[in-house]
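Notes for the structure review
These are the residues of each chain, in order.
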Amino acid sequence: MVLPEAELPEALSESIVHLTDAEFSTLTRFVYNKYGIDLHRKRLLIEGRLARELRAHNITTFSEYMNFLFADKTGEEMQRFLNRITTNHSFFGRENEHFEFLLRTALPYLEPRRKNDLRIWSAGCSAGQEAYNIAMVMDEYFGPRKAQWDTTILATDISTKVLKTAQEGIYPAENLIGLPEAWRRKYFQALADGNCQVAEKIRKEVVFRIFNLMNTFVYKKPFDIIFCRNVMIYFDAQTTARLVEKFYNATAEGGYLFIGHSESINREHTKYTYIKPAIYQKLTQ
Ligand SMILES: C[S@@+](CC[C@H](N)C(=O)[O-])C[C@H]1O[C@@H](n2cnc3c(N)ncnc32)[C@H](O)[C@@H]1O
């Protein structure tokens, strides 16, 4: 039986254009230099994910595609490219130990040391699950005292596609499975189509922005809490080390950095103090 094209997996339904060694090298070097993402072992992933882009533009070689991509001054093609090549998997309650630590240790430590605001950054936020999860922890921790605190969360990513979902705050119910039932009821609204939308009081606590972590950080005040989880797995050791140093410089005294449990920071090369797996703190005094 021949299935209609729409029902075939993408890799099969598209006629795959293969990268030559030179094209592969140019493309991976570009992505690495500009976005830090190390794709040098991801040849099939690039070919598979970009197949539809090439076909949409009637392009038959990657050289032609790159000429087209680099010549586009609107930035739109680059955005489509980034939306395709980034891996954005995320879900609520991911690495829950971090949210427990935030609630029981980090916030009780920070509250008496800060006046009435906490600077929080979800860096590489994907579709916003992590940032909203942090906002829920803030709500749990501060309760009625929250009115006196500004704990707005900055959430950034390079993919406009995920940022759009993030802004809407609408997710399939399976994406919430890592959260306690009580939180699902308290912080989400069930929609008629079966999806769930983050409650408005949580949504308004998060500001989403497009930002490339390879760029210089510009901020008014240093951060008290930085989450950068499951982002550095796509970077090599050198890029990770440089990024961690930038995070360190952007962290307030006593502030925390949370990374993914499958990521590592070379403890001899960072000024952060290791607290427990995937949690670091800036302690200079
Ligand atoms: C797997 S998601 C992680 C989402 C969330 N932090 C979590 O742990 O579930 C990785 C995200 O990092 C983003 N990313 C990759 N390189 C980036 C860069 N140079 N600047 C900003 N975001 C980047 C990707 O677009 C992707 O959405």
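Data block above holds the structure.
Below: a short report on this structure. Given the structure is predicted, the values throughout are model-derived calculations rather than measurements. (Residues numbered from 1 in each chain as written. Predicted model: local features only at pLDDT ≥ 70, side-chain atom pairs only at ≥ 80, totals over all residues. Heavy atoms only, no water.)

**Notes on the sheet that holds strand β7 (residues 223-228)**
Operational definition: Here the rule is simple: two strands pair whenever DSSP picks up at least two bridges between them. A run of H or I in DSSP becomes a helix once it reaches four residues, and a run of E becomes a strand once it reaches two; helices and strands are each numbered from the N terminus. To obtain an axis, a line is fitted to C-alpha atoms, over the contacting stretch when the element is a helix, and the angle between two such axes runs from 0 to 180 degrees between their N-to-C directions. We call two residues contacting when some pair of their heavy atoms lies within 4.5 Å.
Read from one edge to the other, the open sheet built from 7 strands follows the order β6-β2-β1-β7-β8-β10-β9, with strand pairing classed as mixed. The sheet is open, and its two borders are formed by β6 (206-210) and β9 (273-276), each paired with just one other strand. Within the sheet, the average angular offset between the axes of one strand and its neighbour, ignoring direction, is 20°. Where strand β1 (residues 120-123) and β7 come together, 3 bridges link them in parallel fashion. Within the sheet, the bridge partner assigned to Trp121 lies in β7 and is Ile226. Across the sheet, helix α8 (residues 160-168) lies against β2 (153-157) and β6, angled at about 165° from β6, the strand it touches most.

**A look at the side chain of Thr270**
Rules: The definition of a polar contact used here is a pair of N or O atoms within 3.5 Å, where within protein one atom must be able to donate a hydrogen and the other to accept one, and adjacent residues in sequence count solely through side-chain atom pairs.
Here Thr270 lies in the loop between β8 (251-259) and β9. At 3.1 Å, the side chain of Thr270 and the backbone nitrogen of Tyr272 are in polar contact. Those residues in contact with Thr270 that lie beyond four places of it in its chain are Val244 and Ile265.

**Considerations on unusual backbone geometry**
The condition that has to hold: Per-residue accessibility, obtained with a 1.4 Å probe over protein chains only, is compared with the maximum for each type, and a residue is labelled buried under 20%, exposed over 50%, and partly exposed between these values.
Unlike most non-glycine residues, Ser126 shows phi in positive territory, near 50°. Within the secondary structure, Ser126 is located in the loop between β1 and α7 (129-142). On the basis of relative accessible area, Ser126 is assigned to the buried category, the value being 6%. Unlike most non-glycine residues, Ala278 shows phi in positive territory, near 70°. Relative to the assigned elements, Ala278 resides in the loop between β9 and β10 (279-281). Ala278 sits in the buried class, given a relative accessible area of 7%.

**Comments concerning the site of the ligand**
The following threshold applies: The cutoff for a nearby residue is simple: one of its non-hydrogen atoms must lie within 4 Å of the molecule or strand. Just so you know the grouping, Ala, Val, Leu, Ile, Met, Phe, Trp, Tyr, Cys and Pro go in nonpolar, Asp, Glu, Lys and Arg go in charged, and all remaining residues, Gly too, go in polar.
With respect to spatial proximity, 21 residues lie near the ligand, and among them Ser90, Arg94, Asp157, Arg229 and Asn230 are the closest. Glu130 places a polar side-chain atom, nitrogen or oxygen, 3.0 Å from a nitrogen atom of the ligand. In the environment of the ligand, an oxygen atom lies 2.6 Å from a nitrogen or oxygen atom belonging to the side chain of Asp157. When the residues that make up the shell around the ligand are grouped by side-chain class, the tally is 8 nonpolar, 9 polar and 4 charged.

**Things to note about the packing of helix α2 (residues 21-35) against helix α3 (residues 43-56)**
What describes two packed helices is the angle between their axes and the distance between those same axes. Selection rule: Roughly parallel refers to an angle under 35 degrees, roughly antiparallel to one over 145, roughly perpendicular to one between 65 and 115, and oblique to any angle outside these ranges.
For the pair α2 and α3, the least separation of the axes is 11 Å and the interaxial angle reads 85°. The orientation of α2 relative to α3 falls into the category roughly perpendicular. In this structure, α2 contributes Asp21, Phe24, Leu27 and Thr28 to the contact, and α3 contributes Arg43, Ile46 and Leu50. When the residues that make up the contact of α2 with α3 are grouped by side-chain class, the tally is 4 nonpolar, 1 polar and 2 charged.

**As for the packing of aromatic side chains**
By convention here, two paired aromatic rings are described through the distance between centres and the angle between planes. Definition in use: Aromatic contacts are taken between Phe, Tyr and Trp rings whose centres are within 6.5 Å, Trp giving its six-membered ring; a plane angle under 30 degrees counts as stacked, one over 60 as edge-to-face, and the others as tilted. Criterion for a charge above a ring: Lys NZ or Arg CZ within 6 Å of the ring centre, and within 35 degrees of the ring normal.
Applying the stated criterion across every chain, the model contains 26 aromatic pairs. Relative to Phe81, the ring of Tyr65 lies with its centre 6.4 Å away and its plane at 45°, an arrangement referred to as tilted. Placement of Tyr65 in helix α4 (residues 62-71) and of Phe81 in helix α5 (residues 76-85) is noted, with a sequence separation of 16 residues between them. Phe81 matches Tyr65 in its accessibility class, with the two residues each being buried. A network of ring pairs unites the aromatic residues Phe99, Phe101, Tyr109, Phe227, Tyr256 and Phe258 as a single cluster. The lysine or arginine in question, Arg113, covers the ring of Tyr109, its NZ or CZ lying 3.7 Å from the ring centre. Its guanidinium or amino end placed over the ring of Phe223, Arg119 lies 5.7 Å from that ring's centre, counting from NZ or CZ.

**Some thoughts on α4**
Spelled out, the test is: What the arc covers is the set of directions going from the helix axis to the C-beta atoms.
Listing the buried residues of α4 in full gives Phe62, Tyr65, Met66 and Leu69. Projected down its long axis, α4 carries its buried residues within an arc of 95°, all on one side. On its buried side, α4 packs onto α2, α3 and α5.

**Observations concerning the pairing of β9**
Pairing analysis gives 3 bridges linking β9 to β10, with the strands arranged antiparallel. Directly across from Tyr274, in β10, lies its bridge partner Tyr280. Two successive antiparallel strands, β9 and β10, enclose a turn made up of 2 residues, where Ala278 displays a positive phi of approximately 70°.

**So, the environment of Ala199**
Considering the arrangement of structural elements, one finds Ala199 in the loop between β5 (195-198) and α10 (200-203). Residues Ala199 and Tyr187 lie 12 residues apart in sequence; the distance between their C-alpha atoms is 5.2 Å. Setting aside chain neighbours within four positions, we find Ala199 in contact with Tyr187 and Phe188.

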